[in-house]
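# Understanding the architecture of this molecule
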Amino acid sequence: MKKLLYISPQNVIPPIDGGKQGIYYPIKYLSKYFKVYFAFLDKNPSSKLIKDYKKLGVIPVPLEKDTQDNPILLFKNIFSKYPFKIEKYIDKYILEKLDRLIKKENIKIVLSSHIHTAFYPVNLKKLNPDIKIFLREHNIEWELVYQFYKLTKNPVFKLISYWQYKKTKRFEIEHWKYFDKVIFISDSDFDTAKKYLDKNKAEIVYDGFEIKSVKREKIEKNSFIFSGSLKTYQNRENLKWFIENIWKHFVSKNKEYKLYITGNSQEILEKNLGITTEEMKRLNIINLGFVDNLDKVLSEKEFFVSPTIFGSGIRIKILHALSIGIPVLATPLDCNMVKHFKDLENIVCFKNVEDFKEKVRILKENKNLYEKISKNAFNLVKDKLNWKNYATKIKEMIEK
């Protein structure tokens, strides 16, 4: 069995969010084809954590590193060639440790998740010219920074984010060329990358979701659900946009509908959305907080909503909802991320409030269409967007 060094910017146990799931499941499934050495950055890795990785079937390589944001480091970044969000992951002692591991274990394949850890495989190749290096982009980082620049109203944040956007774009494009392959997980990111990257180096391998047996026996009529932590900037801005531009207008004329939210305390929800408990009641917004069985909660709702106006890559939570057979209402940014997504076939796309109202009306009046979309959504994940397919394609790509 060939040896593979997988480098991650974070610990991914437990896999409680899309970012962690997008690393946890790849290493789990890749371990069926490779002897996986999982190198992850963590402030204080515990002995229990090491045991958990061994149970998963990988060899843990903990790398002690604090990657929390620090205003002092942001100021120092003025004199650095690395973007701030990437520089905090760079450590020459970690590079030396990984180099020793490669030489000791005779590892010839290195796969790195996120541009944040690209520094390591690029420099490991300089020290070990015979290795093959691969980068898996969860999203195009410079696009996220640019989107933040466009959205923020704070003039100081706007100035800093534009500076970091330019810096991040230069770094990301420059580092792509060193890799044997750069893997993208969405069609939209892949199309953007082809403008800057040799087409022979770019590869698209969709993320997946692990299918579970979840029956939708009891479905609450006229219910929508949004799932995601509002501590994450993307989730916060996306949900705020949806409530302000879609939901308020929709529910004012359709008072029988409810919007459920999971993954947040009431305090976090009110603080990040800028609305009071009373206003939430008036808008039929119900906070479910942190739920023990998300599969069950999702399965009981009529619609899942993914109102992405800010983000890149692929939304694992969409794949989760599709895997349960819940029709997902999504914005164009999400609908365009995977070529297999087809409006009113396996997903429901909306651009604005009028479009949203119309699509909901169509689905409510046509039970057969609703059931067809539900079935097609499940089959799409089962047949195409699953982790087994992902691992097989990565294996084939490496062997080529």
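The following paragraphs examine the structure supplied in this document. Bear in mind the structure is a predicted one, so any value in this text is a computation, not a measurement.

The rules behind the values
- Residues numbered from 1 in each chain as written.
- Predicted model: local features only at pLDDT ≥ 70, side-chain atom pairs only at ≥ 80, totals over all residues.
- Heavy atoms only, no water.
- Pairing = 2+ DSSP bridges.
- Helix = DSSP H or I, 4+ residues; strand = E, 2+ residues; numbered from the N terminus.
- Axes fitted to C-alpha atoms, helices over the stretch in contact; angles between N-to-C directions.
- Contact = heavy atoms within 4.5 Å.
- Salt bridge = Lys/Arg side-chain N within 4 Å of Asp/Glu carboxyl O.
- Buried < 20%, exposed > 50% of the residue type's maximum accessible area, 1.4 Å probe, protein only.

### Section: the sheet that holds strand S3 (residues 59–64)
Read across the open sheet, the 7 strands follow the order S3-S2-S1-S4-S5-S6-S7; overall the sheet is parallel. Either end of the sheet is taken by a strand with one partner, and the two such strands are S3 and strand S7 (202–204). Geometrically, the sheet is characterised by an average inter-axis angle of 20° between neighbouring strands, direction not taken into account. Pairing geometry for strand S2 (residues 35–42) and S3, over 6 bridges, is parallel. Bridge pairing links aspartate 42 to glutamate 64 in S3. Packed on one face of the sheet, helix H2 (residues 47–56) meets S2 and S3 and runs near 150° to S2.

### A word on the pattern of salt bridges
A full pass over the atoms with the stated rule returns 30 salt bridges. For aspartate 180, the salt bridge is made with lysine 132, and the minimal N-O distance between the two is 3.9 Å. Placement of the pair is aspartate 180 in the loop between helix H8 (155–176) and strand S6 (181–184) and lysine 132 in strand S5 (residues 132–137), with a sequence separation of 48 residues. Residue class for lysine 132 comes out partly exposed when judged on its relative accessible area of 44%. With its nearest N and O atoms 3.1 Å apart, the salt bridge here joins lysine 364 to glutamate 302. Here glutamate 302 lies in strand S11 (residues 301–306) and lysine 364 lies in helix H16 (residues 353–365), a separation of 62 residues in the sequence. Since its relative accessible area comes to 31%, lysine 364 is described here as partly exposed. Members of the salt-bridge network, linked through shared partners, are Glu244, Lys248, Glu279 and Arg282.

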